[in-house]
Amino acid sequence: MVIKSILLVSLYLVPVILIIAGVPANNWQLMACFVLSGLGMAGVGMGVMHDANHGSYSKNPKVNKWLGHTLDLVGASSIVWKLQHNVLHHSYTNIDEHDDDINAPFFLRFSPNAPLNKLHRWQYLYAWFFYSLSTLSWVTAKDFIRLKRYYGKGLIKSEQEYKNTRWMLILHKVIYFSVILGLPILFSPFSAGMLILGFVLMHFVTGFTITMVFQIAHIVEDVDFPLPNDLGIVEGERMLHQLATTCNFAPNNRALFWFIGGLNFQVEHHLFPDICHVHYREISKIVKATAEEFNIPYHSKPHFLPAVLDHFKMLYVLGRTPSLQPVKA
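Our subject in this report is the structure included herewith. Bear in mind that the values here come from a model prediction, so they are computed numbers and not experimental data.

## Some details on the overall build of the protein chain
Move 1: The number of helices and strands found in the protein chain is 14 helices and four strands.
Move 2: Taking 20 Å as the expected radius of gyration for a compact globule of 329 residues, we find that the protein chain reaches 20 Å, a close match to that expectation.
Move 3: Dimensions of the protein chain, computed from the C-alpha atoms along their principal axes, are close to 60 × 45 × 40 Å.
Move 4: Across the 329 residues that make up the protein chain, the buried fraction comes to 49%.
Move 5: Counted over contacts in the protein chain with a minimum sequence separation of 6, partners at least 24 positions apart contribute 68%.
Move 6: As displayed, the protein chain offers around 15600 Å² of accessible surface, 67% of which is attributable to carbon and sulfur atoms.

So, in structure tokens, the structure goes:
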């Protein structure tokens, strides 16, 4: 984990440093630096901060706390992410209006229980572009929107805590944009327009990479989309819920496993989020055998591309089906 962290943080920061130092000599070298930085940003998000903010990177809480701030290093808020991911996504996986990972803007539909409109008919074609915009939205507006909503939900306990967090968000984002975009504009020989284009490209790479990993783990044809009962209560046992709503992919791809922080073993992550991802491969053997023993679903796609195709088909189905048979948790 330590070696991986150094490599991924370096992959994110070194290209930016090279840009600030004026090393790239032409446009394609500049864009190559931004692409590499985007891949590094995705790697930091999935392979470093994800474990740290789950408290599973280290047995030392201080190590987890400080490495969790690598999310702030890439322009997003670790505080908001913990509420969105640890609290909502892991507690209400694939439950419409509760799991923020499937709560989409009006032009996207990720659950058969969400309202359908005419635009969704074409989402299987245009969703991929908006996936690429996801982290750009995240580092600009999304954190503030979510922070306000979580305060309204009572996930932030006091008005003072809300205000302090909001100011912390502003400070972190000013620092982020000053370093990642401001310093290149000041010191790089390239025009501001070219640097802004590279910055957007960097986020296109990061956004698409991260979004694909999570979408093909939850928005596929095999998994369930449970509904709360009439009292608004999610029924059923937690681990069975996670097995029903989550799908692994490419379990034998070791390079992918390393880069995305073991999130191709999404089932094991949802069952044991407090265990470091380096153990998921071995844990998966036990989980799969136990699921088979008790005749419990264990969803897994053998390769990455079939999983992407399954997600493509699911976007098509969700865009044209008014309602699928709801499955109770």
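The structure having been displayed, the exposition proceeds.
## Describing the pattern of salt bridges
Move 1: Inspection of the entire model under this criterion finds eight salt bridges.
Move 2: Linking Lys173 and Asp143 is a salt bridge whose minimum nitrogen-to-oxygen distance equals 2.9 Å. Of this pair, Lys173 sits in helix H8 (residues 159-187) while Asp143 sits in helix H7 (residues 134-153); the two residues are 30 residues apart in sequence, bridging distant segments of the chain.
Move 3: Classification of Lys173 by relative accessible area gives buried; the value is 8%.
Move 4: For Asp143, a relative accessible area of 0% gives the class buried.
Move 5: Where Asp222 meets Lys301, a salt bridge forms, and the shortest distance between an N and an O atom there is 2.9 Å. In this pair, Asp222 is assigned in the loop between helix H9 (192-218) and strand E1 (226-227) and Lys301 in strand E3 (residues 299-301), connecting sequence segments 79 residues apart.
Move 6: Taken together, the salt bridges that share partners define one network made up of Asp100, Arg146 and Arg149.

## Considerations on unusual backbone geometry
Move 1: Notably, Ala250 is not glycine yet its phi reads approximately 45°, a positive angle.
Move 2: Here Ala250 is to be found in the loop between strand E2 (247-249) and helix H11 (254-259).
Move 3: Given a relative accessible area of 3%, Ala250 falls into the buried group.
Move 4: Even without glycine at this site, Asn295 takes up a positive phi of about 55°.
Move 5: The exposure class of Asn295 is exposed, given its relative accessible area of 71%.

## Quick notes on the packing of aromatic side chains
The geometry of an aromatic ring pair is captured by two quantities: the separation of the ring centres and the angle between the planes.
Move 1: On inspection of all chains with the given rule, the structure shows 16 aromatic pairs.
Move 2: With a centroid separation of 5.7 Å and an interplanar angle of 50°, the aromatic rings of Phe177 and Phe199 are classed as tilted. Of this pair, Phe177 sits in helix H8 while Phe199 sits in helix H9, and the two are 22 residues apart along the sequence.
Move 3: For Phe177, a relative accessible area of 26% puts it in the partly exposed group.
Move 4: Under the relative-accessibility criterion, Phe199 is labelled buried at 4%.
Move 5: Between Phe257 and Phe265, the aromatic rings sit 5.7 Å apart at their centres with planes inclined by 80°, giving edge-to-face as the arrangement.

## Considering the environment of Thr206
Move 1: Residue position: Thr206 is located in helix H9.
Move 2: By relative accessible area, Thr206 is classed as buried at 1%.
Move 3: Placed 203 residues apart in sequence, Thr206 and Ile3 show a C-alpha to C-alpha distance of 21 Å.
Move 4: Every residue in contact with Thr206, bar those within four places of it in the chain, is listed here: Gly38, Met41, Ala42 and Thr135.

Cut-offs and rules
Residues numbered from 1 in each chain as written. Predicted model: local features only at pLDDT ≥ 70, side-chain atom pairs only at ≥ 80, totals over all residues. Heavy atoms only, no water. Helix = DSSP H or I, 4+ residues; strand = E, 2+ residues; numbered from the N terminus. Rg over C-alpha atoms; globule rule 2.2 N^0.38 Å. Buried < 20%, exposed > 50% of the residue type's maximum accessible area, 1.4 Å probe, protein only. Contact = heavy atoms within 4.5 Å. Areas by Shrake-Rupley, 256 points an atom, 1.4 Å probe, with all protein chains shown as cover. Salt bridge = Lys/Arg side-chain N within 4 Å of Asp/Glu carboxyl O. Phe/Tyr/Trp six-rings, centres within 6.5 Å; stacked < 30°, edge-to-face > 60°.

Keep in mind these values describe shape, not function.
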